[in-house]
Amino acid sequence: MNRELEYMFVQSARVWIPDAEEVWKSAELTKDYKNGDASLQLMLEDGTSIDHKLDPKTKNLPYLRNPDILVGENDLTALSYLHEPAVLHNLKVRFIDSKLIYTYCGIVLVAINPYETLPIYGSEIINAYSGQNMGDMDPHIFAVAEEAYKQMARDERNQSIIVSGESGAGKTVSAKYAMRYFATVSGSASEANVEEKVLASNPIMEAIGNAKTTRNDNSSRFGKYIEIGFDNRYRIIGANMRTYLLEKSRVVFQADEERNYHIFYQLCASANLSEFKNLRLSSANDFLYTRQGRSPVIEGVDDAKELCTTRHAFTLLGINESYQIGLFQVLAAILHLGNVEIKDRDSDSSIIAPNNRHLTAFCELVGVTYQDMSHWLCHRKLKTATETYIKPLPRLQATNARDALSKHIYAKLFNWIVEHVNKALVTNVKQHSFIGVLDIYGFETFEINSFEQFCINYANEKLQQQFNMHVFKLEQEEYMKEQIPWTLIDFYDNQPCINLIEAKMGILDLLDEECKMPKGSDDSWAQKLYNTHLKTCSLFEKPRMSNRAFIIQHFADKVEYQCEGFLEKNKDTVNEEQINVLKASKKFDLLVELFQDEEKATTPTGQVPGTGGRTRLSIKPDKGRDKSSKEHKKTVGCQFRNSLQMLMETLNATTPHYVRCIKPNDFKLAFSFDPKRAVQQLRACGVLETIRISAAGFPSRWTYQEFFSRYRVLMKQKDVLHDKKLTCKNVLEKLVQDQDKYQFGKTKIFFRAGQVAYLEKLRADKLRAACIRIQKTIRCWLARKKFLRQRSAAITIQRFTRGYQARCLAKFMRRTQAATVIQKYQRMCVERKRYRQKQAAALAMQTILRAYMARQKYQALLREHKAIIIQKHVRGWLARCWYKRCLEAIVYLQCCIRRMRAKRELKKLKIEARSVEHFKKLNKGMENKIMQLQRKIDEQHKDNRLISEKLVTLESSYASESERMRGELSRLRGAEEDAKNKANQVLSLLEELERLKKELSVTQQEKKTIEDWAHKYRDEMEKMVSELKDQNGLLKKEKDDLNRRIQEQGQQMTEKMTRAIAQETQQLETDLNEERSRYQNLLTEHLRLEEKYEDLKEEFAHSSNVSKPGHRRTDSTHSSNESEYTYNSEYAESEEGHRAGDDVTRGMDTSLTLKLQKRVTELEQEKQSLRNELENKEDQFQRARARDDAQFRKARGAELEYESLKRQELESENKKLRHDLAEMRQSLLADAATGAGAPGSPAYKVLLDQLNASCEELEVRKEEVLILRSQLVSQKEALHHKDEKETMTEPSVFAQDVNKLKDADELKQAYVGLKDTNRSPRSMLPVVEVRDLLSRLRSAAPDLHKLNEDGELWLVNQGLKETIRLLEQQLQTQRRTYDSEVESLRGELQNVKEENNRQQQLLAQNLQLPPEARIEASLQHEITRLTNENLELMADDPTASREARVIILRRMVDLMEQLEKQDRTIRKLKKQLKVYSKRIGEMGAGQTEGQTSPGQMVEEPIHPVNIPRREKDFQGMLEYKKEDEMKLVKNLILELKPRGVAVNLIPGLPAYILFMCLRHADYVNDDQKVRTLLTSTINSIKKILKKRGDDFETVSFWLANTCRFLHCLKQYSGEQAFMKHNSVRQNEHCLSNFDLAEYRQVISDLAIQIYQQLVKCMENILQPMIVCGMLEHETIQGVSGVKPTGLRKRTSSIADEGTYTLDSIVRQLSAFHSTMCQHGTDPELIKQVVKQLFYIIGAVTLNNLLLRKDMCSWSKGMQIRYNVSQLEEWLRDKGLMNCGAKETLEPLIQAAQLLQVKKKTDEDAEAICTMCHALTTAQIVKVLNLYTPVNEFEERVSVAFIRTIQTRLRDRCESPQLLMDTKMIYPVTFPFNPSSLALETIQIPTSLNLGFLTRV
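Residues numbered from 1 in each chain as written. Predicted model: local features only at pLDDT ≥ 70, side-chain atom pairs only at ≥ 80, totals over all residues. Heavy atoms only, no water.

**Student:** Quick question: what am I supposed to make of the pattern of salt bridges here?
**Tutor:** Between side chains of opposite charge, a pair can form as their charged atoms come close. With the rule as written, the count across this model stands at 43 salt bridges. Arg 402 is paired through a salt bridge with Asp 403; the nearest N and O atoms lie 3.1 Å apart. One exposure class covers both Arg 402 and Asp 403, and it is buried. One salt bridge connects Glu 1806 with Arg 1848, and the closest N-O pair in it is separated by 2.5 Å. Pair noted here: Glu 1806 is in helix H51 (residues 1802–1811) and Arg 1848 is in helix H53 (residues 1839–1848), with a separation of 42 residues, a long-range link. Taking the relative accessible area as the measure of exposure, Arg 1848 reaches 37% and is therefore partly exposed. In this structure, a network of salt bridges that share partners links the residues Arg 221, Glu 247, Arg 250 and Glu 258. (Salt bridge = Lys/Arg side-chain N within 4 Å of Asp/Glu carboxyl O. Buried < 20%, exposed > 50% of the residue type's maximum accessible area, 1.4 Å probe, protein only. Helix = DSSP H or I, 4+ residues; strand = E, 2+ residues; numbered from the N terminus.)

**Student:** How do you make sense of the nonpolar core when you look at a structure like this?
**Tutor:** Inside soluble globular proteins, nonpolar side chains tend to come together where they are buried. Among the nonpolar cores identified, the biggest contains 318 residues, and Phe 182 and Phe 550 are the most heavily contacted of them. Top contributing element to this core by residue count: helix H45 (residues 1637–1672), with 18 residues. Leave out the neighbours within four places in its chain, and Phe 182 touches Ala 145, Ala 148, Tyr 149, Ile 161, Ile 228, Phe 230, Ile 236, Ile 435 and Val 437. Among the nonpolar cores identified, the runner-up in size contains 34 residues, and Leu 40, Leu 61, Leu 732 and Tyr 742 belong to it. (Core = buried A, V, L, I, M, F, W, Y, C linked by side-chain atoms within 4.5 Å. Contact = heavy atoms within 4.5 Å.)

**Student:** I would appreciate a short explanation of helix H10 (residues 303–316) in the present structure.
**Tutor:** Two residues of an α-helix separated by three or four positions point the same way, owing to the 3.6 residues in each turn. Over its 14 residues, H10 runs 20 Å from end to end, which matches the ideal 20 Å to within 8%, given 1.5 Å per residue. Regarding H10, the residues found buried are Asp 303, Leu 307, Thr 310, Arg 311, Ala 313 and Phe 314. Considered in projection along H10, the buried side chains sweep an arc of 155° and stay on one side of the axis. Turned more than 90 degrees away from the buried face of H10, the exposed residues are Lys 305, Cys 308 and Leu 316. (Expected span 1.5 Å × (residues − 1). Arc of directions from axis to C-beta.)

**Student:** What is the right way to read unusual backbone geometry from this model?
**Tutor:** Phi is mostly negative for residues that are not glycine, and the peptide bonds are mostly trans. Even without a glycine there, the phi angle at Lys 99 is positive, about 55°. Locating Lys 99 in the fold gives a position in the loop between helix H2 (84–97) and strand S6 (102–105). Of the residues examined, Lys 99 reaches a relative accessible area of 33% and is grouped as partly exposed.

**Student:** Just to check I follow, could you spell out the packing of helix H13 (residues 370–378) against helix H20 (residues 576–583) for this structure?
**Tutor:** In helix packing, the relevant descriptors are the interaxial angle and the interaxial distance, both defined with respect to the helix axes. Between H13 and H20, the shortest axis-to-axis distance is 9 Å and the interhelical angle comes to 165°. Our classification of the angle between H13 and H20 gives roughly antiparallel. Handedness of the H13/H20 crossing: left-handed. Residue-level inspection shows Asp 372, Met 373, Trp 376 and Leu 377 of H13 in contact with H20, the latter providing Glu 577, Gln 578, Val 581 and Leu 582. The residue inventory of the contact of H13 with H20, partitioned by class, reads five nonpolar, one polar and two charged. (Axes fitted to C-alpha atoms, helices over the stretch in contact; angles between N-to-C directions. Parallel < 35°, antiparallel > 145°, perpendicular 65-115°, else oblique. Left-handed = near helix turned anticlockwise from the far one by under 90°. Nonpolar A, V, L, I, M, F, W, Y, C, P; charged D, E, K, R; others polar.)

**Student:** What's the story with the sheet that holds strand S5 (residues 63–64) in this structure? I'm lost.
**Tutor:** The antiparallel open sheet is built from five strands, whose spatial order is S4-S3-S2-S1-S5. The open sheet has two free edges, formed respectively by strand S4 (49–53) and S5, since each of these has just one partner strand. With six bridges joining them, strand S1 (residues 14–19) and strand S2 (residues 23–29) adopt antiparallel strand pairing. Note on S2: the bridge partner recorded for Val 15 is Ala 27. Contacting S1, S2 and S5, H2 crosses the sheet at an angle of about 100° to S2. (Pairing = 2+ DSSP bridges.)

**Student:** How should I be thinking about the pairing of S2 in this particular structure?
**Tutor:** Regular strands have side chains that alternate between both faces of the sheet. Most of S2 sits inside the fold, with five of its seven residues counted as buried. As consecutive antiparallel partners, S1 and S2 are separated by three residues. Alignment of S2 against strand S3 (residues 39–44), held across three bridges, turns out to be antiparallel. Residue pairing across strands places Ala 27 opposite Leu 44, the latter belonging to S3.

**Student:** Just checking my understanding: could you explain a positive patch on the surface for this structure?
**Tutor:** A surface patch of positive charge is lined by Arg 898, Arg 899, Arg 901, Lys 903, Arg 904, Lys 907, Lys 910 and Arg 914. What makes Lys 903 exposed here is its relative accessible area of 54%. (Patch = residues over 30% accessible without salt bridge, like charges linked within 9 Å, V, L, I, M, F, W, Y side chains within 5 Å. Areas by Shrake-Rupley, 256 points an atom, 1.4 Å probe, with all protein chains shown as cover. Lys, Arg positive; Asp, Glu negative; His and termini not counted. Charge placed at Lys NZ, Arg CZ, Asp CG, Glu CD.)

Laid out in structure tokens, this is it:
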């Protein structure tokens, strides 16, 4: 032991230490513990270091913590260390972190109230737990219920589920879920309705038995035990309720913040109701019994509404309104009685004031006299041996007597209600066994504990004793089973405490004795208790500070009880005279009924009065004594002890199952855990005691295989032997020296507490050492490898480094030398530079200073010089100014003087001139001038001589010339005469010339203007032409782009439509599958009802045989062909009616005949009215259709006329333009011939080319107009030949247009644009602009050829632009039209869905109606719906409702078909009526009953079935006689065994034979033979399936043959859709006379039923294999580690003999596949079967994974993925990968991936959300919560990460369902699969015994 302690209490070991707040706190050792240390060095989780002192006396070490891999275990007994902190921590981790509220503790289920609704109680959860072992699934209340149900059925022993806990812990809810489980798994949830009735009683029991306390607003103040009875088939047949210890004192007293029972407040809140007026109620504050707690209102509770719920529950349980009013009268009377005021008369007597209104109300309500009741409330009767005294009562005693009467009345009322609830739950069927559910109060301790707490704790002591003994017994049985040496386990036995309470001279005995004493009191009783038990019993103590209290040491805690009120509550005495007064009530029968059991020996409920409603406990009083007095003398304690004893006897006679409910906190917070409160309840409910008992023995148990798998790592190779048991023994002896720590059993190894943790530590150390060794070796290898690389690298680096260093040294030396030189010169340069800088600075400074001084001097000199200059100039200016003034004055003076002198000289000259002297003076000058002139004359004479000489020569020449000139002169004179004559002409010419000049100038100006305008216009035209060229290029480009875009958009629209159609198709397929699923579910339900009907018919026949010995049973072959077919195909019902009448209707009376006649009359009238209404509807429809067609033609004709007018207008405009163009061209050519602009000019050529191109473009447009005209004509012609198929939707037309756009060329695209252009008014705008342009062109004559060409091009350009715009507009219009049509289609689809839902509801309602009323109801509904639709369509646009009207017409046709079916039904009923009348007549005449032989038909006129006939050739068939039909069916169907003869047959041979026989019946045109053969075939197949429906081969065989028979009916039906793959010979074999389309639907329904039966059969075979093979079995050995388990052992994951593995599943799937292939099942049907099987495998596996915490680990995820890959490999081998089976496993694959991915960061959360798209949010969170590390190296998922996942998945729109629906069956389809086998080649084996068939 010391060695183990030293090994466990080492550094880093974790322990638990006590804590005041958290109860237990985790700490870690920081120093090894050595034996003898007085303290431990610990460090808390928050990092605080403490010194934990050990107890010096005990030296007990703190509790060790369990390894992390054991934390969160499902079973607390799986923990290695079993102690209180380990239990508390495990519960907390499961509750807070994993959100798991259930935990096993051995045989106890601990349930913690989550205060939140959890999705873990649905039907899918019930199905998951049904049939499972208790240890194989996670803890759940359903697991406990399943264990109880299984043990009841297996051991034939009654069971009990004991649910206990504090108020508000969830006891009632747990009990309710347990009862729901029983009701579901027993198959009686929809028949017995026991759960509904019990739940209906809950509001009643809560109203009369629940009240508000300080701890719970709805606390149950009584206990109850509900027995759920089962028959011998273990189906619920009834229930019974027992109640215990109603808290009657609450009626008259409530503590603060508490209330009375809810029913009182409900009545007060509803006092204003009319039916409650006579109760005279008011507010709850007005009554003493409801205002003492001063808390009359519960927050969030409407008492008036709760009363409505209570009254409704009363009604459901059969308590009528009059009884309810009576009950409320009693309750109101109690309230009034509490308000009766009793006053003192004197010290020994009391009195009630006369006419007390409350007493008056009480007496009126209960029907007693005021005087009697007021008298006996204040008096009592005393009897002696001889006399009787009437003694007055003091006020206090009278008040107590009044309260006692109130409590007694309420207790009687409570008992009466419980009795009637039991009557509602009782049944007449014999009870075979029962399961009891005990919902009882837990251990209670308050500040003030009284008699009620004493009784409750006494009951818990008894239950705890029974619990301890049961646990001890189970432990003992386990040890004995394993042959372990049995040693007595020391466990707490509370028998001394029970003896203290109930033994002789115990507390109850002394209490009863004190109650018998005349002057007994609470004080005297307390003294007796002290004297009797204080010194003799250690469990009894006396408080130090009180003499009126005592303390009892209970198993859970010490409780101090106050003695005050014990005697009064125990006596519970009621004045007999008061009871007699109430019994004497003659007006109130209910009150008398309440007290009538006082006069009986025993109460109907088996309880005594005052016990608080304990029912079904038979207490027989002594016959020799007065029963009534005995009832009153019996104390409450005695009654409770007796009832508790009977309860213990009942529990001991059953196998108990324990559920302990825990209240996690007192504030009702969701998932909030208070350790203090939890520990208190764990101690009180016995969970810790269970742990202690388990820990005292060998709590940890391992099988040898599990131990070997887990601890194989601790063994050496030599220790491993072939015998694993011996190996385990040898290893354990080496590992654990103390052999007392373990024991070897037969199949298991038992360990003491802590040994598993010790072994886990050894294992972890070994693994850690192995890991360290592996790491060491790898690290050594890596380090050596790294060292060698580093060494080689270092050498290389050294070599290169040394070379580099040498080079660097040489370089350094060179650089050093160079640096020295450089430094020398550099220093020199620096110094020189510094010197020069200094020198320059000095010079600069000198220069600056000298310059400054020079400048200053210069400035001074300059200023002086400038001042001198200024002075000089100023002085000079002043001198000049003075000089000028002087000069001006002098000049003026001179002028004046000279003028005066001149005047004088003039006068003087004038005088001298007149004298000779003057002339002399003048002549002297003239002589000189004359001499000069004489010389000039001489010179001129010389010149003249020269000139004269020249003149002589000139004269001679002149003479000759003169002669000539004379001649010329004469001529000129003649010419002069002519000139004179023409002078007048010249004048006129000059005038003309002037005029011409003026005209020329005007012309020149005009020419200049025209030339300017022409140049300007030419420039504009050239610019326009260039712009048009550019625009034309852009338009061409845009046109190409638009064409490309149109093609792309067309392609996109096509793709979009394809996607939309695909989505709609997928949606429609989904809807179709849902509809198929609903339809097939209805077929399943129909089949179930049909089977039930058959069972009832057989029981009826059996009872008829018993009652009538002379009745003869039919032959088996005949009974096999009775009417078992109840589909709506009425063509088969006539024959069935005759056969059913032979067996069932012999006992029919005349009333049935009359009813049938009346029914036939009603049906005929209804049929006639329906026909009339149908005719009216058809007339209305035809008129509406004609009106719609007329309006459509009118609208279409107007549209065509409008288009024609537009087209003609465009053609006329086009002709006019062409005419103008021709004229312009001619004028242009004419002008060009005479003008300067010849046609050869470049501009002319360019414009002409453009004109030609425009002409070509106009030709193209003309062709387009012609195409448009032809299209319009064809449309107009098609209008006159349209039919219903023209009412196609717009999207289809749009699709055709898109295909045209996609496939046609550019011309067709332009045509589409022009077609819309003709319809648009906007097309007139270019015409107006063209006219304006033409007028402009005509006004300019010189350049018309150019302008005309440009105008044409502009016209074409504008047309192209408009075309492009209209193309875009058309595309947008078509897009809008498409969107609107899509929206309308979606609306119609939604309407169809709604109509489908309504039809399904109608179908479900019709199925509940009798067969006669189904057709009537469906027809009525159809007519109503059609009428409504017709009215709606009449109000809408007629053109928009044509499709709907066509649909209505089709529905009208369907309605006519239904009318025909109804007609056939009426004829059938008439036939049955005749049969019944005939039988009644035979019975009246006394004729003996006859029996129709097999094959014999009733000789009644049979109306032929309305089957259309066709005349065709006939070839090849099988003929049989009519009487051999039963033999054919018997040999071919009923007695044919697939494993015998059928295995060697051609696949589908029975189907071929039946069809060949059917062909013969068709050939001979025998409709009755066809009908009987098909009916017999269908009924026989159904009977063989009912008889051998669990045999897979039989079901598969008949599924294949039924499908083949269905394919034959289709292949040879003659319909073109089914004849495509037939040969010519096969087409000759088609049916010639009958159309069996309706029978094909019937056989298809039969095939659906067979398919569903096949799926169920395969599911039953696979179900036991799935969990074992997919989850539990280790396909990859060694990956999964086995964890320690507790008492609830799980299935081992090691493959033992007989366990299923994955190979078992694969083999079974292969067997299924080979069998179906051998039987000839269609390949498509096999794919559907495989898909369904894989869905079941995936759903069951995932559901178990979600409910098993031990399976949610990383290694298990790997196992699952490997198993799934094996299943995929199987699919691949069988060629079934495309059947959709793999997709059904996607949720399981993603769950396995979720177990393996990293789960830490936000990126991981995002990856998980993206990956797990097939899992719901609830499933993802559940897997993360359940994720459990198998090894200590793995980590748990943090709560924060789970919350992150929930946040990211919050926006998902999905179902909150946790589990997958394993019962879901995919809708099945039967694709047509024709056979190539020729019928004439089929040979019938003799083994079939069909020799009576003749081949024709």
